[in-house]
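If you want the building blocks of each chain, they are given just below.
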Amino acid sequence: MSQASETAAASSALQPQIEEPARKVKILLVDDTPDNLVSLEAALYTLGEDLVFANSGTEALRHLLEDDFAAVLLDVKMPGMDGFETAELIRSRPRSRHTPILFLTGYKSDEHLFRGYDLGAVDFLFKPIVPEVLRSKVAVFVQLSRNATLLREHAQALREQAAVLQKAEQKFRSLLEAAPDAMVMCRQDGEIVLVNSRTESLFGHSRSQLLGNNIRLLVPDWDYHVQFVPDEDLSCPQPALAGKELTAARKDGSQFPAEITFSPLQTEEGLLITSAIRDITDRKCAEEQIRELNADLEKRVLERTEELLRSNDELAQFAYVASHDLQEPLRTVSIYTQLLAKRYQGQLGGDADLFVEYITGNARRMELLIRDILDFSRVDSRGNEHFTATSCDKALDEALSNLRSRIEESGAVIRRDPLPAVMGDPIQLTRVFQNLISNSIKYRSRVPPQIAVTAQSRGNEWLFTVEDNGIGIEPEYAEKVFGIFKRLHVRGEHPGNGMGLAICKKILGRHGGRIWVESALGKGSKFRFTLPKAN
Ligand code: ADP
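Described in the following lines is the structure provided in the data block. (Residues numbered from 1 in each chain as written. Predicted model: local features only at pLDDT ≥ 70, side-chain atom pairs only at ≥ 80, totals over all residues. Heavy atoms only, no water.)

1. Some words on the site of the ligand
Reasoning step 1: The ligand sits among 21 residues. The nearest are Asn439, Tyr443, Arg487, His489 and Leu501.
Reasoning step 2: In the environment of the ligand, an oxygen atom lies 2.7 Å from a nitrogen or oxygen atom belonging to the side chain of Tyr443.
Reasoning step 3: Note that an oxygen atom of the ligand is positioned 3.1 Å from one of the backbone N or O atoms of Asn497.
Reasoning step 4: Isolated, the ligand exposes 520 Å² of accessible area, and the fraction of that covered by the protein chains is 98%.
Reasoning step 5: Among the elements of the structure, helix 13 (426-442), helix 14 (500-510) and strand 17 (525-532) are those that each provide at least two residues to the shell around the ligand. (Near = heavy atom within 4 Å. Polar contact = N/O pair within 3.5 Å; in protein donor to acceptor, adjacent residues only side chain to side chain. Areas by Shrake-Rupley, 256 points an atom, 1.4 Å probe, with all protein chains shown as cover. Helix = DSSP H or I, 4+ residues; strand = E, 2+ residues; numbered from the N terminus.)

Shown next as structure tokens:
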């Protein structure tokens, strides 16, 4: 039986039964004279009970074997087995031992009465019978019989209820015993009324030592603060308070960290609190280990970051110095080759003119590469003093003015929204707009470029978009294009070194922003970047 149905069964046993119409009881009338039986019936039929007739002691005994009777009205003087003999047999049988017997007799002798009472008579009625007296005496036994039946039923209901309660209690106790935590039930002042065996093993006290003692013996700081609004319905469960961490003490004086969950129960005897006490030593050790590991990890990350920053700095310096120092000899190579071409063109014979052209072209390309590397390495080396409140509108104006001839040449149409001001380096922000718009013109489709520059507010940052109707980028290359020297085209198709977007990414990173592209081949591109809002 489930707990719910057990509870239901227990409470239904307690419920007052709905009043049913009184069941009829049986009254046995025994007389050898049919006329007497008729007059008994006449006197008793108004009671509305079942009247059963017998005209001999033997017949009466047969009825009593088969049925229970509220009363037996027994004529004393009968042929064969008389009333007294019949009564003796009635009393000797277990089923009818307690059935009330009323003797009907014409004799009023003491001997007669004693014998009758000896045989268990409850009353004597003397002939001629007065119907009213008969009726009222029988009515008393009818009522007694009904009450006895009711008492029997109640006793049965109580037995059933006790059995259900006992089962529920057994279940509760086995649950309590099976709990992995120490379970201690106590009153609000801490007096312990119930513990499970886990409490004994966890704390080292025996059950008898604990009962009646205070829970603060186990948890010195135990306290229970919730104010209870007394609930009319005591069966209504009160909410549990979970996970309070306290220190618990064993009998030997040692201590351990414990997590305690309180479950209050409002009972007729007052508030009872069940504390589920869990030893969390292992958990605490694991937490401590994790804390130590984290601290160690953080320290190592910090050291590694410092190392990386140092080597990054060194690399940036190297790139800067190398590219800067390379410029000079390269320029000399370039100038002298150009001089060679100018002075001796057509005089050197063979493929010499072509070779000179290759040298000049590649020297020019190398110059551009070195310029871009220098630009890239300079992004971080520009000091913070260049950071100022910068109007992005102005930065865009500057970029468009630098690109004027290419815009006119390509017939590009530029649509722009008003742009916000941010904290930043105006030269670098101009560079971002310039690189993106120049790419939009460079990677245009067959139709004239349509470019839109917009900005929208998003939380504590601005989201800028440079959108074009150009050739677009396959999504799988959307990240790659921001890498150093990363290009999707051969130089013959579109000139460039693959540094423009890498420089944009570096500039925006320095400004606390990000850049990405949303595009598909043939669908134009949306270059998006964020910048923190100025304070
Ligand atoms: P570059 O233009 O010098 O090649 P970038 O770093 O500016 O270098 O761009 C990297 C690559 O990204 C380009 O080679 C090009 O393939 C692609 N790309 C950049 N901008 C666009 C654009 N607006 N539309 C299509 N492709 C673009």
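2. Observations concerning the sheet that holds strand 12 (residues 413-416)
Two pairing modes exist for strands in a sheet, parallel and antiparallel, and in both the strands are linked by backbone hydrogen bonds.
Reasoning step 1: In spatial order, the strands read 12-14-15-17-16; together these 5 strands make up an open sheet with mixed pairing. Strand pairing shows two members of the sheet lacking a second neighbour, strand 12 and strand 16 (515-519), which therefore form its edges. This sheet shows a mean twist of 20° between the axes of neighbouring strands, independent of strand direction.
Reasoning step 2: Inspection of the sheet shows strand 16 paired to strand 17 by 5 bridges, in the antiparallel sense. When the sheet's bridge partners are listed, Val517 is paired in strand 17 with Phe527.
Reasoning step 3: Contacts between helix 14 and the sheet are confined to strand 16 and strand 17, with strand 17 contributing the most and set at about 25° to the helix. (Pairing = 2+ DSSP bridges. Axes fitted to C-alpha atoms, helices over the stretch in contact; angles between N-to-C directions. Contact = heavy atoms within 4.5 Å.)

3. Examining helix 14
Reasoning step 1: Most of helix 14 sits out of view: 8 of its 11 residues are buried.
Reasoning step 2: All of the buried residues along helix 14 are Leu501, Ala502, Ile503, Cys504, Lys506, Ile507, Leu508 and Arg510.
Reasoning step 3: Those residues of helix 14 that are buried lie in contact with helix 10 (352-381), helix 13, strand 16 and strand 17.
Reasoning step 4: A positive backbone phi angle near 80° is found at Gly512, which sits one or two residues after helix 14. (Buried < 20%, exposed > 50% of the residue type's maximum accessible area, 1.4 Å probe, protein only.)

4. Structural notes on the packing of helix 3 (residues 57-66) against helix 4 (residues 83-92)
Between two packed helices, what matters for the description is the angle formed by their axes and the separation of those axes.
Reasoning step 1: Running from N to C, helix 3 and helix 4 point in directions that differ by 20°, and their axes come no closer than 10 Å. When the interaxial angle is binned, helix 3 and helix 4 end up roughly parallel. Crossing geometry of helix 3 relative to helix 4 is assigned as right-handed. On helix 4, the residues touching Gly57, Ala60, Leu61 and Leu64 of helix 3 are Thr86, Leu89 and Ile90.
Reasoning step 2: Among the residues making up the contact of helix 3 with helix 4, the classes are represented as 5 nonpolar, 2 polar and no charged. (Parallel < 35°, antiparallel > 145°, perpendicular 65-115°, else oblique. Left-handed = near helix turned anticlockwise from the far one by under 90°. Nonpolar A, V, L, I, M, F, W, Y, C, P; charged D, E, K, R; others polar.)

5. Some details on the pairing of strand 7 (residues 192-195)
For a regular strand, side-chain orientation follows a simple rule: the groups alternate between the two sheet faces.
Reasoning step 1: Relative to strand 7, strand 6 (residues 182-187) is paired through 3 bridges, and the arrangement is antiparallel. Paired with Cys186 across the bridge in strand 7 is Ile192.
Reasoning step 2: The turn linking strand 6 back onto strand 7 is made up of 4 residues, and Gly190 within it adopts a positive phi angle of 105°.

6. Things to note about the sheet that holds strand 1 (residues 26-30)
Reasoning step 1: Read from one edge to the other, the open sheet built from 5 strands follows the order 2-1-3-4-5, with strand pairing classed as parallel. In this open sheet, the two edge strands, each paired with only one partner strand, are strand 2 (50-54) and strand 5 (121-126). On average, adjacent strands in this sheet sit at an angle of 20° to one another, irrespective of strand direction.
Reasoning step 2: Looking at chain direction, strand 1 and strand 2 are connected through 5 bridges and run parallel. Of the residues in strand 2, the one forming a bridge with Ile27 is Leu51.
Reasoning step 3: Of the strands in this sheet, strand 1, strand 3 (71-75), strand 4 (101-105) and strand 5 touch helix 6 (residues 131-178), which is tilted by about 165° from strand 5.

Don't take any of this as a statement about function, it's just geometry.
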